[in-house]
Structures are given as C-alpha cells and as structure tokens.
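# Structure at a glance
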Amino acid sequence: YRASVRNYQRDGPMNVNGNQEGGPNYFPNSFSGPNVDRRWKQTKVTGTLDIDRHDSAEEDDFNQAGIFWRQVLSEEERERLVDNIGSHLCNAQKFIQERAIRNFTAADPQYGKRIQQNINRRNKGAEG
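To keep things clear, this report deals only with the structure shown in the data block. (Residues numbered from 1 in each chain as written. Predicted model: local features only at pLDDT ≥ 70, side-chain atom pairs only at ≥ 80, totals over all residues. Heavy atoms only, no water.)

### Some points on the overall build of the protein chain
- The secondary structure content of the protein chain amounts to 4 helices and 2 strands.
- For the protein chain, the sequential pattern of α-helices and β-strands runs β-β-α-α-α-α.
- Nonlocal contacts in the protein chain, meaning residues at least 24 apart in sequence, comprise 47% of its contacts between residues at least 6 apart.
- Total accessible area on the protein chain stands at roughly 10500 Å², and carbon and sulfur atoms take up 51% of it. (Helix = DSSP H or I, 4+ residues; strand = E, 2+ residues; numbered from the N terminus. Contact = heavy atoms within 4.5 Å. Areas by Shrake-Rupley, 256 points an atom, 1.4 Å probe, with all protein chains shown as cover.)

Here is the structure:
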C-alpha cells in the first residue's frame with residue numbers, strides 16, 4: 001500500500017500489519033497520532049432515532065475530579081493517591097508531567113500542587 005493507516009484501532013479482527021508499530025491508542029496524544037479530519041466524519045445513521053457521534057471536546061473534564069478530591073477522599077486517601085500518581089508520573093517526559101499537573105490543578109489547585117511536590121521530592125531523591 002502507498003499510505004500507512006493512522007487511526008486508533010488496535011488488535012481487532014484481521015490485524016496483520018504490526019499493530020501500527022505500538023503507536024498511541026488514545027486521543028489526544030503527544031506522539032504524532034492522527035488528527036481529526038472532518039472530511040472523514042462518520043455520517044449520521046437514521047433509524048427509529050437519529051444516531052450520531054457526540055463531540056466531547058468542550059465538556060468539563062475537571063469538576064467531577066475536583067469534587068472527588070475535596071469531598072470524597074479522606075486526607076489519608078489523598079496522600080496515597082498523590083503518592084501513587086507521583087510515583088508513576090516522575091518517570092514521564094517533562095512536557096507530559098507539566099500537562100498532567102495542569103490537568104490535576106484544573107480539578108483542584110491543591111491536587112496539582114501536591115502531585116508536583118511529590119514529583120519534585122522523588123526527582124531530588126533520585127539525583128542525590
């Protein structure tokens with residue numbers, strides 16, 4: 001074939017092409033994943049009801065996480081969550097860490113701050 005496939009399909013039936021060489025399987029991503037091209041939007045399917053895809057790009061992705069952080073978790077649970085996230089995120093590339101911290105901060109400023117502090121502490125301990 002002249003053009004390689006670039007989509008988020010993985011491991012489905014008849015996959016015989018190397019699984020897109022381990023490319024990211026989530027959208028959006030930071031590793032040159034395919035971009036949205038409206039020319040190839042799936043057409044509306046009409047039946048008893050109209051069926052269409054929902055674009056969730058403008059939804060509030062942070063309010064529920066903030067409520068969970070502030071109103072559901074105990075202080076001990078927050079500390080375990082911060083430690084769990086920090087222990088994994090400290091190994092990520094810097095630009096991914098920064099993006100993740102912005103997302104956690106959007107949910108709750110203390111959430112983002114505490115994860116950043118956890119990462120800083122871990123990285124400082126790894127240097128010394």
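### Let's talk about the side chain of Gln97
- Structurally, the position occupied by Gln97 is in helix α3 (residues 94–107).
- Reaching out from Gln97, the side chain makes a polar contact with the backbone oxygen of Leu89 at a distance of 3.0 Å.
- Once residues lying within four places of it in the same chain are set aside, the contact partners of Gln97 are Leu89, Cys90, Asn91, Ala92, Ile119 and Asn123. (Polar contact = N/O pair within 3.5 Å; in protein donor to acceptor, adjacent residues only side chain to side chain.)

### Comments concerning the pattern of salt bridges
- Tallying each qualifying case throughout the model produces 5 salt bridges.
- Ionic pairing is found between Asp83 and Arg122, a salt bridge with its closest N-O pair at 2.5 Å. Remark: Arg122 occurs in helix α4 (residues 109–127) and Asp83 occurs in helix α2 (residues 75–89); sequence separation between them is 39 residues.
- According to the relative accessible area criterion, Asp83 is partly exposed, its value standing at 34%.
- Linked through salt bridges whose partners overlap, the residues forming this network are Glu75, Arg78, Glu79 and Arg114. (Salt bridge = Lys/Arg side-chain N within 4 Å of Asp/Glu carboxyl O. Buried < 20%, exposed > 50% of the residue type's maximum accessible area, 1.4 Å probe, protein only.)

### Observations concerning a nonpolar patch on the surface
- Among the surface-exposed residues, Tyr26, Phe31 and Phe95 lie close enough to one another that they form a single nonpolar patch of about 280 Å² accessible area.
- Mapped onto the elements of the fold, Phe31 is located in the segment before β1 (45–46).
- By relative accessible area, which is 35% here, Phe31 ends up partly exposed. (Patch = residues over 30% accessible without salt bridge, like charges linked within 9 Å, V, L, I, M, F, W, Y side chains within 5 Å.)

### Considering the packing of aromatic side chains
- According to the stated counting rule, one finds 2 aromatic pairs in the structure shown.
- Measuring from ring centre to ring centre gives 4.3 Å for Trp69 and Tyr111, while their planes differ by 15°; the resulting arrangement is stacked. Of this pair, Trp69 sits in helix α1 (residues 63–72) while Tyr111 is found in helix α4, placing the two residues 42 residues apart along the sequence.
- Its relative accessible area of 8% is what places Tyr111 among the buried residues.
- Through pairs of rings, three or more aromatic residues link up here, namely Trp69, Phe104 and Tyr111.
- Its guanidinium or amino end placed over the ring of Trp69, Arg78 lies 5.7 Å from that ring's centre, counting from NZ or CZ. (Phe/Tyr/Trp six-rings, centres within 6.5 Å; stacked < 30°, edge-to-face > 60°. Lys NZ or Arg CZ within 6 Å of the ring centre and 35° of its normal.)

### Here we look at the nonpolar core
- Ranked by internal contacts, the top residues of the largest apolar core, which has 13 residues, are Ile85, Leu89, Phe104, Tyr111, Ile115 and Ile119.
- At the level of elements, α2, α3 and α4 are the ones that each hand at least two residues to this core.
- Element by element, the count of residues in this core is highest for α3, at 4 residues.
- In contact with Phe104, not counting residues within four places along its chain, are Ile85, Leu89, Tyr111, Gly112 and Ile115. (Core = buried A, V, L, I, M, F, W, Y, C linked by side-chain atoms within 4.5 Å.)

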